[in-house]
Structures are given as C-alpha cells and as structure tokens.
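Listed below, chain by chain, are the residues.
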Amino acid sequence: MTIYQNLIAGEWTGADAVENINPSDTKEVVGLYASGSAADTRNAIAAAKAAFPAWSHSGIWERHVILKKAGDEIMARKDELGALLAREEGKTLPEAIGETIRASQIFEFFAGEALRLAGEVVPSVRPNIGVEITREPLGVIGIITPWNFPIAIPAWKIAPALCYGNTIVFKPAELVPGCSWAIVDILNRAGLPKGVLNLVMGKGSIVGQTMLDSPDLAGITFTGSVGTGKRVAVSSIEHNRKIQLEMGGKNPMVILDDADLSVAVEAAANSAFFSTGQRCTASSRLIVTEGIHDRFVAAMTEKLKTLNVDHALKTGTHIGPVVDERQLKTDTDYIEIGKNEGAKLAFGGELIARDTPGFYLQPTLFTEATNQMRISREEIFGPVASVIRVKDYEEALAVANDTPFGLSSGIATTSLKHATHFKRNAEAGMVMVNLPTAGVDFHVPFGGRKGSSYGSREQGKYAAEFFTTVKTAYTLA
Ligand code: NAD
C-alpha cells in the first residue's frame, strides 16, 4: 500500500506509517499515513522559518492565485474528498460533502481577502508627522487540529495563515490524516514555494509536543480538547508566543412554551445528534420550560425513532458511527454515569450491530436531568443529550449560562422579547434563534467565551487579528 508521506521543505518524506481505519467498517483501511518524529517536526519548523522572509514579502496576487486554485480544486473534487472524509471520520456522506464545500469556500474567501490587505493613514497629534498603521505577518504558525472536522478546520486555519503571509507547520489529528494530506497536496501543486506549508502527521505527544517546545513558532492556532489546549497555553507563555485556542463546549438549547414545536424538535435533533454529536457546537443540554416539556419529549422521541444509524456512505443514513473505540467507550461510560446519577433514559443508550463492523451507537436522550449532573457539566462529544426541565424563561437563561463553557447557545421561541433578551444575555460567542446550535457561516467570526476559547476569533476578516501583528510607523514630513 502507498504511504501518504509528510511534506517537509517541499519534499514528501517518511517511511513509518500508521493505518487510517474506517469507523463505519473497521476492516477497511482508508490508507497508510506517515507518522512523523520529533526530528521531522524540528526539520519542518526550520523549513518554515527559512521560507518566511520570502513568503512574507510575496505579492498579494501570488497568494490570491494559490488560494483560489486550492478552493477551486477542492470544489471540483467535493464528492471524492467528501467520500474520503466520510470514510475516515464517519460523518454521513452529505455532511462530509457539505464540509468539503465549506473548506473550498474558506479558501475562496481568503483568496479575496489577500487582495484587500490594507492599513490606515492617520494624522499625528504632532505637526508635520504622518502615522501609518499596517498589519504584518506573524511568522511561523503552528497549526494543530482535532479529528471532528477533518477538512474544514485545517482549511480555516491554513487559508488565513497563508493569506496574511505566514509560513506553517501543520499537525492534523492522528485519526483523520487523509483530508489534511489532500489539502496540503492541493496547495503544494497550486504553486506554494518550498517550506511555506509543512505537513507533519503523527502523534500529539511527539509531533505536537515538539511544536509546543519550539522557540521558533510565533503563534499556535489550536482546536481540540481543554486539556491539550491548556498545555498549548502554558508552553506558549514560556516562549512569549501568540495563541488561539478553540476547545470544548456544553452548549445549551432553550425551548420555551411559545416555541413552534416542529422548529424546536428539528433544531434540537440536529444540534444534539447530527455529525454523531461530535461537534464542539453540538447541544447536549436541552433546557425546556414546563408548559411544553412533555410535548417536546414525546415529539423528540418520535423524531429519534426515524433517524437511521448506519454506514456513513449508505444512502439514507442520518447518523454515522462514533469516530473510534475510545470515544465510544467515553460515550457509553457517560450513559452509565447518567443512569447512576438518576436521569431517566428516554431513548437509545444501546450499541447497534450493522452489516459492517463499526462503532454504532443509538442516539441517546435523557430526561429528568439536572444541570448539576456530570452529564450536564462535562463534554461527552457523542450522540448523547439531556432534557433539563425549568419553570420559565428566566430560569432557562440562568441554567443555560451556568456552565464552564461558552461556545454556542440556542433558543427556540416565537417571542421577539425573549429572543432579543437571549441574544443579549447568553454567555456564548455564538447565539442561534430557532436554529441548531451547530452550523455556522464561513465568512463571519467563529469562537466562544469562558472555558471554550482563548484568544481572538477565527474565520471571516476577524481572522486577521491572530494571523497578523500590527505596526505603527511615524514619518517626519
Ligand atoms: P485533542 O486535544 O485530543 O487533540 C487535538 C490535537 O492536539 C490533535 O492533533 C492531537 O494530536 C494534538 N495533541 C495531543 N496531545 C498533544 C500535545 N501534548 N501537544 C501538542 N498537541 C497535542 O482533541 P480531539 O479529541 O482531537 O478533539 C476533540 C475536542 O476538540 C473536543 O473537546 C471538541 O470540543 C474540541 N473541538 C473544539 C472546536 C472548537 O472550535 N471549539 C471544534 C472542534 C473540536
């Protein structure tokens, strides 16, 4: 079998490889992917450092052309790349193609942004002096990504890093190297100079840790768990390095008595269970006021009966498998924890056998949960959600905000008053009214507050905050 290698200083390299396994069919090996060493990582950092002076002064048209080419190729290959994504991560084919289209759109967006780089010219407070404020590239950026969005998250970090003139050492998650390899191959063929984008696939404890220990990374943009995010933060203070961290969530979805029941059920089912619940913006706390509670639970239970859990590539599958055995164990452990804490299992909770051996778990809904239970406080990252019954809007808002996280927050209501109040008072980076907590646009800021995020926002033009540094120049006229 071919080994998909690492790209270091413009050369494909690496003989040590690991199998990329399909969670819908564990007998299927998606491919063999290189597993880099600490020395590989140091070489990649050195290559990115050497490439920085030229790339940081490259023309904006060159950057535009490369980013545009990459976006166009990803779009042209959306079905093939979507199928690769579905095979390595387990989300359904339509979800995977949708994510691939989004990756393409992100490259197109930043291809445009490359042509819109601008600064400010302002008067000095002193006579005969001019002041210019410009943005310059940061330097070598370390990019560390999780497994749950194998193509979109790499895209939304790589595209702005290149757009603003940075060079990159990119380390994708071990479970899903395929889409990352494909993006790097596309960009490499699109004409990036050697060393501008280096790919080092491999273990977090080796490749990731070597990046954290390096004094040569000017910034690290990380998406993943809270625990790893904290390691990135601590190591970065020591190196005086800029960081952007996107971490976990325990996102609430409030359902008020006046909600349109079908809107509420569609939004809640999507938020909690689509992409197998493996989204940082997934809602796992459904906070429901008492007047609609029983109708909502009954309608949700009926809805869950209609969702097919099966092979990600099969037509008609609504929910793919859990990503791997370890995540499946976490999910089933939390289901036991929920039962032991006194929550009522209203639907699901069981593993399912399908035609192919995979990590299939029923969508699982608890009712009679409280916000103090571990299943309501800790991120599970699987198809498991709980209904928390509350008296009224005021209690719903208080419970929604009573969490260490603050990524996304949703409400289902027909009341303009409550929707407006919720938008202003939800302690989250993103608020959704009558929409799922997950599912965002590619051209506007993405990120959260409290334990979910640290540093400036990702995506849209707000990405410039992280990927550039500001310079103020004074000139005597
Ligand atoms: P993880 O923290 O285990 O891994 C993330 C990345 O960090 C991987 O590439 C991993 O190899 C690397 N890593 C591991 N140990 C490292 C170390 N010592 N030094 C440097 N890098 C290291 O997270 P995961 O399990 O891949 O992803 C799931 C988590 O990601 C969930 O908590 C989820 O909420 C979060 N997530 C957040 C967002 C967001 O935008 N907020 C988006 C997607 C996923």
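Residues numbered from 1 in each chain as written. Predicted model: local features only at pLDDT ≥ 70, side-chain atom pairs only at ≥ 80, totals over all residues. Heavy atoms only, no water.

Under an unreviewed UniProt entry, the name given to the protein chain is Aldehyde dehydrogenase protein, and the organism recorded is Rhizobium gallicum bv. gallicum R602sp. Taken verbatim from the UniProt record of the protein chain, the Sequence similarities (unreviewed entry) comment is "Belongs to the aldehyde dehydrogenase family." (UniProt positions renumbered as here; feature names shortened; annotations may be inferred.)

J.: Go over the site of the ligand, please, and point to the residues and values.
T.: Residues in close proximity to the ligand total 28 residues, the closest being Glu 174, Ser 225, Met 247, Cys 280 and Glu 379. Note that an oxygen atom of the ligand is positioned 2.7 Å from one of the backbone N or O atoms of Thr 145. Between the ligand and Thr 228 there is a distance of 2.7 Å, counted from an oxygen atom to a side-chain nitrogen or oxygen. Within the complex, 90% of the 850 Å² of free accessible area of the ligand lies under protein. The cavity where the ligand resides is the largest pocket. When residues of the shell around the ligand are traced back to their parent elements, those giving at least two are helix H7 (204-213), strand S11 (219-223) and helix H8 (226-238). For the shell around the ligand, the element with the highest residue contribution is H7, accounting for four residues. Considering only residue class, the shell around the ligand consists of 13 nonpolar, 10 polar and five charged. (Near = heavy atom within 4 Å. Polar contact = N/O pair within 3.5 Å; in protein donor to acceptor, adjacent residues only side chain to side chain. Areas by Shrake-Rupley, 256 points an atom, 1.4 Å probe, with all protein chains shown as cover. 1 Å grid on protein atoms, 1.4 Å probe; cavity = no way out; pocket = protein on both sides within 12 Å on 5 of 7 lines; lining within 4 Å. Sits in = over half its atoms within 2 Å of the grid points. Helix = DSSP H or I, 4+ residues; strand = E, 2+ residues; numbered from the N terminus. Nonpolar A, V, L, I, M, F, W, Y, C, P; charged D, E, K, R; others polar.)

J.: Account for the pattern of salt bridges, naming residues and giving values.
T.: The tally for this structure, following the rule as stated, stands at 30 salt bridges. Across the salt bridge formed by Glu 11 and Lys 194, the nearest N and O atoms sit 3.4 Å from each other. Taken together, the residues Glu 11 in strand S3 (residues 11-13) and Lys 194 in the loop between helix H6 (177-189) and strand S10 (197-199) connect sequence positions 183 residues apart. Exposure remark for Lys 194: the relative accessible area of 58% places this residue in the exposed category. Of the charged contacts in the structure, one is a salt bridge between Asp 185 and Arg 189, with a shortest N-O distance of 3.1 Å. Taken together, the residues span about one helical turn, with Asp 185 and Arg 189 both in helix H6 at a distance of four residues. Of the residues examined, Arg 189 reaches a relative accessible area of 46% and is grouped as partly exposed. Connected via shared salt-bridge partners are Glu 73, Arg 77, Glu 80, Asp 185 and Arg 189. (Salt bridge = Lys/Arg side-chain N within 4 Å of Asp/Glu carboxyl O. Buried < 20%, exposed > 50% of the residue type's maximum accessible area, 1.4 Å probe, protein only.)

J.: Give me the lowdown on the layout of surface pockets, citing residues and values where you can.
T.: As a volume, the largest pocket reaches approximately 1,200 Å³. In this structure, the largest pocket is lined by 45 residues; those nearest its centre are Pro 146, Trp 147, Ser 225, Thr 228 and Arg 326. In terms of residue class, the lining of the largest pocket is built from 21 nonpolar, 15 polar and nine charged. Each pocket or cavity is described by its volume, and for the second largest pocket that value is around 590 Å³. Lining the second largest pocket are 22 residues, with Leu 117, Ala 118, Arg 135, Tyr 164 and Ala 464 sitting closest to its centre. Of all elements in the fold, only helix H2 (60-76), strand S7 (129-137), helix H15 (464-467) and strand S21 (468-476) reach the threshold of two or more residues within the lining of the second largest pocket. The element contributing the most residues to the lining of the second largest pocket is S7, with five residues. Its residues assigned to classes, the lining of the second largest pocket shows nine nonpolar, five polar and eight charged. (Points joined across faces, edges and corners; volume = space filled by probe spheres on them.)

J.: Quick one: what's the story with the UniProt feature "domain: Aldehyde dehydrogenase" (unreviewed entry) in the protein chain, residue by residue and with numbers?
T.: Within this structure's numbering, the places UniProt gives as "domain: Aldehyde dehydrogenase" (unreviewed entry) are residues 16-472. Secondary structure within residues 16-472 divides into 42% helix and 21% strand; the distance between the first and last C-alpha atoms comes to 47 Å.

J.: I'd like a rundown of the sheet that holds strand S4 (residues 17-22), residues and numbers included.
T.: Spatial ordering of the open sheet is given by S1-S5-S4, a layout of three strands whose pairing is mixed. The two strands at the open ends of the sheet, each matched to only one other strand, are strand S1 (3-4) and S4. As defined by bridge partners, S1 adjoins strand S5 (residues 25-34) across two bridges and the pair is classed as parallel. The partner of Ile 3 across the bridge, within S5, is Leu 32. Its contacts with the sheet put helix H3 (residues 78-89) on S4 and S5, and the angle it makes with S5 is roughly 110°. Across the sheet, H6 lies against S1, S4 and S5, angled at about 40° from S5, the strand it touches most. (Pairing = 2+ DSSP bridges. Contact = heavy atoms within 4.5 Å. Axes fitted to C-alpha atoms, helices over the stretch in contact; angles between N-to-C directions.)

J.: Break down the UniProt feature "active site" (unreviewed entry) in the protein chain for me, with residues and values.
T.: The feature "active site" (unreviewed entry), as given by UniProt, occupies Glu 246 in the numbering adopted here. According to the relative accessible area criterion, Glu 246 is buried, its value standing at 3%. Beyond its immediate chain neighbours, meaning those up to four positions away, Glu 246 contacts Phe 222, Thr 223, Gly 224, Leu 407, Phe 446, Gly 447, Gly 448, Ser 452, Ser 453 and Glu 458.

J.: Provide a residue-level description of the state of the cysteines, including the pertinent values.
T.: All told, the structure shown has zero disulfides when counted by the stated rule. Left without a disulfide partner, Cys 179 is nearest to the cysteine sulfur of Cys 280, which lies 17 Å away. With relative accessibility at 12%, the residue Cys 280 sits in the buried group. (Disulfide = S-S within 2.5 Å.)

J.: Give a description of unusual backbone geometry that names residues and reports values.
T.: One non-glycine residue, Glu 368, lies in the positive phi region at around 55°. Summarising the element assignment, Glu 368 is placed in strand S16 (residues 364-369). Non-glycine residue Asn 434 carries a positive phi angle of around 60°. According to the relative accessible area criterion, Asn 434 is partly exposed, its value standing at 31%.

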